[in-house]
6 protein chains.
Amino acid sequence: MEITVSRKAHFNAAHRLHVPEWSDEKNKSFFGSCNNPNFHGHNYDLIVSLTGEIDPITGYFIDMKWLSQIIKEEIEDRFDHKNLNLDCEEFKQLNPSTENLAVVIWQLLNKRLNHPKNLKVILYETERNFVEYNGN
Amino acid sequence: MEITVSRKAHFNAAHRLHVPEWSDEKNKSFFGSCNNPNFHGHNYDLIVSLTGEIDPITGYFIDMKWLSQIIKEEIEDRFDHKNLNLDCEEFKQLNPSTENLAVVIWQLLNKRLNHPKNLKVILYETERNFVEYNGN
Amino acid sequence: MEITVSRKAHFNAAHRLHVPEWSDEKNKSFFGSCNNPNFHGHNYDLIVSLTGEIDPITGYFIDMKWLSQIIKEEIEDRFDHKNLNLDCEEFKQLNPSTENLAVVIWQLLNKRLNHPKNLKVILYETERNFVEYNGN
Amino acid sequence: MEITVSRKAHFNAAHRLHVPEWSDEKNKSFFGSCNNPNFHGHNYDLIVSLTGEIDPITGYFIDMKWLSQIIKEEIEDRFDHKNLNLDCEEFKQLNPSTENLAVVIWQLLNKRLNHPKNLKVILYETERNFVEYNGN
Amino acid sequence: MEITVSRKAHFNAAHRLHVPEWSDEKNKSFFGSCNNPNFHGHNYDLIVSLTGEIDPITGYFIDMKWLSQIIKEEIEDRFDHKNLNLDCEEFKQLNPSTENLAVVIWQLLNKRLNHPKNLKVILYETERNFVEYNGN
Amino acid sequence: MEITVSRKAHFNAAHRLHVPEWSDEKNKSFFGSCNNPNFHGHNYDLIVSLTGEIDPITGYFIDMKWLSQIIKEEIEDRFDHKNLNLDCEEFKQLNPSTENLAVVIWQLLNKRLNHPKNLKVILYETERNFVEYNGN
């Protein structure tokens, strides 16, 4: 019996959307207020989902407290109260759009969880904008 | 890398569930209070999701402000503060159930977005009742 | 020891904002899309709060199931799946604005609850617009 | 046209996670505070989803009030205000983890709904921990 | 300039409503399913509010992390994953109704915070039932 | 009949908590990760409440669309997608704590609304931390 378990987490960060190869005008025109050179920020909400078999002894697929700890170590400790552009290696060369941030989070968790089956992340930049990535 | 982006919108409308070929008794028995001839109404919440590749330059799949504008023009301007049965061409011949409203919204967006891959809509009639349609 | 207990309820209704003494132009200009002659509608959320002493035997101030039943009889049965303008005596002469609806709900509950101390109602027309009335 | 309709429900229950074949130490070490012999409890939120064709006459796939009644009879009446370990036959031999509870709910609904296509349940133990099961 | 700061917390617990001086019949009739001798449970949400002056140097009234730590030590560590009736001294002689639980939480925080001005707690037993107490 | 109407708004901003008169060590020790020199950010939610008499003709106390426009002009246009420390005159000399931001928002609205009775703002920095200010 395959089941999907999900855990919600959150972190607060600053970022700026910017393509260094483009002129300031093109950046401002394309990204609008998200291009503010002084940054803006968000409360990001994150849902991490994993699929697998229920252990017939324990009734667990995975221990939620363990998953919660992995998310803390790999994602919250790395991105919470940070400036994604200035403080985070992952975005030195990569624009910290919600799409890219979701992919980076998926890759960090996938590596740490040792390439699990059906890892999926949903990342809310605001309550109204969100992105889903499952490694495909 | 394929990613799914979602945008939330909302609109407030009146409607009545009614099958004109049926007697008043059958309508009232089948649809209950939703058949009230004087209408009732809802705050509809809508989630629109699209799947595609991330642009390697911008880090965007699509611009959320553009998607938000399309939803405004095609859905909110058409249905917000309207009576679905009386004001909207789409429901002159079609019962404005949540199911039919979700399909109509999908069709309007699909046409405007030029038949995108994996367009999906989730329509909440209330917090406890919702419908999902993806064109299949 | 005085404590305030609150109970949340909801109902779905259609309405139209309109002043019969005004011209159609003035109504449309003042109330905008809320003046649509064919009505629109909302999922109303209601919070009813009462203040009083805790009974030292039961640890209750009031029985929530009883309060829930009163709200059902006086408010939900009266307004749910109704057209406030056409179906409800209370709004034959009164514009069903959120403000007036909150006052009417307070009066109906106040009468039924036999003039309790500190009755308060909060009425949400949408998640972003709400009104509070406490009888003063 | 295939559509998925969903209905949200909830129930409040006590439970304890425990493997009778294990020592008290192993249980406490594995399940932590969830192993408290005196139980703890949750407000469970449940989303039940079904997929099928829209009826061209009524615009309904299924009647939400009927689905709501089935969920009440099969799930809420069985588990609400109960101790899952002590009061419920389903968990006499089965550890009431969120995973197992989701599977049991799916099985109860599947049997009652006569093996529908694409029945899915999502069970929230808390706002931050949830499980999805679709019978595969 | 006086300001009110609020911090949200939560804990999960089992309880049973019961008056030992009453017969089983009277208890069952009065408390209904909340009288289940095997207990049931809830995810309690708690909002703690304090009022005071803003420090002109720091711009803080109080440090939210400190308030969060006090709530953890006094409330979450005491009640989370507990059976209020069996595990908690506070309810050996007191029925663990939401009203009484709110008063006990207020008293525990008031003592620890050294009788602050305008301490208020709001305790949600469910999303639809909640109680407010401010020491008056 | 006096009634309180409330309107919810939101904006996304970056900020840093810092007292320039203090050493870096003291700032880091006092404000923790909120002192990050590269900033972090939040999705701020704002509730603005006003109290007054219902107009007997219109059933309005104030027009919500007008209030919404005032909040947009005075608050959202000023703070949305901004760095509070670097972009906003209000915080050149003032630490942008949630407390100070709530007071500044109240003052901006109070001035624009021409000193209304019972203006109150509630500002959520996160879902779990919020501040209320009413001018007293």
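Refer to the structure printed above.
We now turn to the structure provided with this report. For clarity, every value in this text was computed on a predicted model and none was experimentally measured.

1. Details of the relation of the copies chain D and chain A
Next up, step 1: Once turned by 120° and shifted 0.0 Å along the axis, chain D lies on chain A with an RMSD of 0.0 Å. This pairing of chains is accounted for by a three-fold axis. Proximity to the rotation axis, assessed at the C-alpha, singles out Glu 127 of chain D in chain D; its C-alpha lies 8.8 Å from the axis.

2. Things to note about the layout of surface pockets
All names here are of chain F.
Next up, step 1: When its volume is computed, the second largest pocket comes out at roughly 460 Å³.
Next up, step 2: Looking at the second largest pocket, it is lined by 24 residues, and the ones nearest its centre are His 18, Pro 20, Gln 93, Leu 94 and Asn 95.
Next up, step 3: When residues of the lining of the second largest pocket are assigned to their parent elements, the largest contribution, four residues, is made by helix 4 (residues 98–112).
Next up, step 4: Class assignment for the residues of the lining of the second largest pocket results in eleven nonpolar, eight polar and five charged.

3. Notes on the pairing of strand 4 (residues 120–124) of chain D
All names here are of chain D.
Next up, step 1: Where strand 2 (residues 40–53) lies against strand 4, five bridges are found, and the strand directions are antiparallel. Bridge pairing in strand 4 places Asp 45 opposite Tyr 124.
Next up, step 2: Taken together, the four bridges between strand 4 and strand 5 (residues 129–133) define a ladder with antiparallel strand orientation. Across the sheet, residue Tyr 124 finds its bridge partner in strand 5, namely Phe 130.
Next up, step 3: Connecting strand 4 to the antiparallel partner strand 5 that follows it, the hairpin turn spans four residues.

4. Focus on the interface of chain B and chain C
Next up, step 1: At the junction of the two partners, chain B supplies 19 residues and chain C supplies 19 residues.
Next up, step 2: A buried area of about 1,500 Å², summed over both sides, lies between chain B and chain C, and 48% of it is on carbon and sulfur atoms.
Next up, step 3: Of all residues in chain B, Asn 38, Asn 43 and His 81 of chain B give up the largest surface area on contact with chain C, accounting jointly for 38% of the area buried on that side.
Next up, step 4: Inspection of the region where chain B meets chain C yields zero salt bridges.
Next up, step 5: Here chain B and chain C share 15 residue pairs in polar contact (both at pLDDT 80 or more) between them.
Next up, step 6: Residue contributions to the side of chain B that touches chain C peak at four residues, all from strand 2 (residues 40–53) of chain B.
Next up, step 7: Of the residues assigned to the side of chain B that touches chain C, the class counts are five nonpolar, eleven polar and three charged.

The rules behind each value
- Residues numbered from 1 in each chain as written.
- Chains lettered and ligands numbered in written order.
- Predicted model: local features only at pLDDT ≥ 70, side-chain atom pairs only at ≥ 80, totals over all residues.
- Heavy atoms only, no water.
- Least-squares fit on C-alpha atoms with pLDDT ≥ 70 in both.
- 1 Å grid on protein atoms, 1.4 Å probe; cavity = no way out; pocket = protein on both sides within 12 Å on 5 of 7 lines; lining within 4 Å.
- Points joined across faces, edges and corners; volume = space filled by probe spheres on them.
- Helix = DSSP H or I, 4+ residues; strand = E, 2+ residues; numbered from the N terminus.
- Nonpolar A, V, L, I, M, F, W, Y, C, P; charged D, E, K, R; others polar.
- Pairing = 2+ DSSP bridges.
- Contact = heavy atoms within 4.5 Å.
- Buried area = accessible area lost by both parts, 1.4 Å probe.
- Salt bridge = Lys/Arg side-chain N within 4 Å of Asp/Glu carboxyl O.
- Polar contact = N/O pair within 3.5 Å; in protein donor to acceptor, adjacent residues only side chain to side chain.

Read these as spatial facts, not as claims about activity.
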